[in-house]
Amino acid sequence: MTLEFKNEPDKLSPVTKIAFAMQKASAHLLSHKNIMVAVSGGSDSDVMLDMLLRVVDREKLTFVFF
């Protein structure tokens, strides 16, 4: 499924906006062989990691904690 919108994206529901962002990120991330992700351990990092693991194979990800 490919999401696309051109007219008035501000009127889309938050769920549709998140789905579109995840689709866009997935397409970009899947074009890379390896992905390194810096995490802080905070709640924003937790959400980012959850989203990444939903679209990218775990074997492609390397997590770095600073």
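Use the structure listed above.
Starting afresh in each chain, residues are numbered from 1 along the sequence in its written order. A pLDDT threshold of at least 70 governs which residues receive local features in this predicted model, and a stricter bar of 80 or more applies before side-chain atom pairs are shown or counted, although totals over entire chains, interfaces and linings include all residues. With hydrogens and water set aside, each side-chain value is computed from the structure's full complement of heavy atoms.

Draft legend 1. Geometry of the pattern of salt bridges. Definition used for salt bridges: Asp or Glu carboxyl oxygen within 4 Å of a side-chain nitrogen of Lys or Arg. Tallied over the full model, the rule gives one salt bridge. One salt bridge connects D50 with R54, and the closest N-O pair in it is separated by 2.9 Å. One end of the pair is D50 and the other is R54, both in helix α2 (residues 43-55) and four residues apart, which spans about a single turn. Between buried and exposed lies partly exposed: a residue is buried under 20% and exposed over 50% of the maximum accessible area for its type, with that area taken using a 1.4 Å probe on protein chains only. For R54, a relative accessible area of 60% puts it in the exposed group. Each helix is a run of DSSP H or I of at least 4 residues and each strand a run of E of at least 2, with the numbering of both proceeding from the N terminus.

Draft legend 2. Structural view of the packing of helix α1 (residues 14-29) against α2. Where α1 meets α2, the closest approach of the two axes is 10 Å, and the angle between their N-to-C directions is 65°. The handedness of the crossing between α1 and α2 is right-handed. Of α2, the residues touching α1 (which contributes M22, S26 and L29) are M51, L52, R54 and V55. Gly counts as polar in this scheme, as do all residues outside two lists: the nonpolar Ala, Val, Leu, Ile, Met, Phe, Trp, Tyr, Cys and Pro, and the charged Asp, Glu, Lys and Arg. Classifying every residue of the contact of α1 with α2 by side-chain character gives five nonpolar, one polar and one charged. Lines fitted to the C-alpha atoms define the axes, with helices restricted to the stretch that makes contact. Angles between their N-to-C directions range from 0 to 180 degrees. Handedness of a crossing is defined here by the sense of rotation of the near helix relative to the far one, left-handed for an anticlockwise turn of less than a right angle and right-handed for a clockwise turn. A contact between two residues is defined here by any heavy atoms of the two lying within 4.5 Å.

Draft legend 3. Representation of a nonpolar patch on the surface. Patch definition: residues with relative accessible area over 30% and no salt bridge; like charges joined within 9 Å; nonpolar side chains (Val, Leu, Ile, Met, Phe, Trp, Tyr) joined within 5 Å. Per-residue and other accessible areas were derived by the Shrake-Rupley procedure at a 1.4 Å probe size, with only the shown protein chains allowed to occlude residues. On the surface, a nonpolar cluster with roughly 240 Å² of combined accessible area is contributed by I18, V47 and M51. Summarising the element assignment, V47 is placed in helix α2.

Draft legend 4. Structural context of the environment of R54. The sequence separation of R54 and S26 amounts to 28 residues, and the corresponding C-alpha distance is 9.1 Å. In protein, a polar contact requires one atom able to donate a hydrogen and another able to accept it; more generally it is a pair of N or O atoms within 3.5 Å, and residues adjacent in sequence count only if both atoms are side-chain atoms. Among the polar contacts listed, one links the side chain of R54 to the side chain of D50, at a separation of 2.9 Å.

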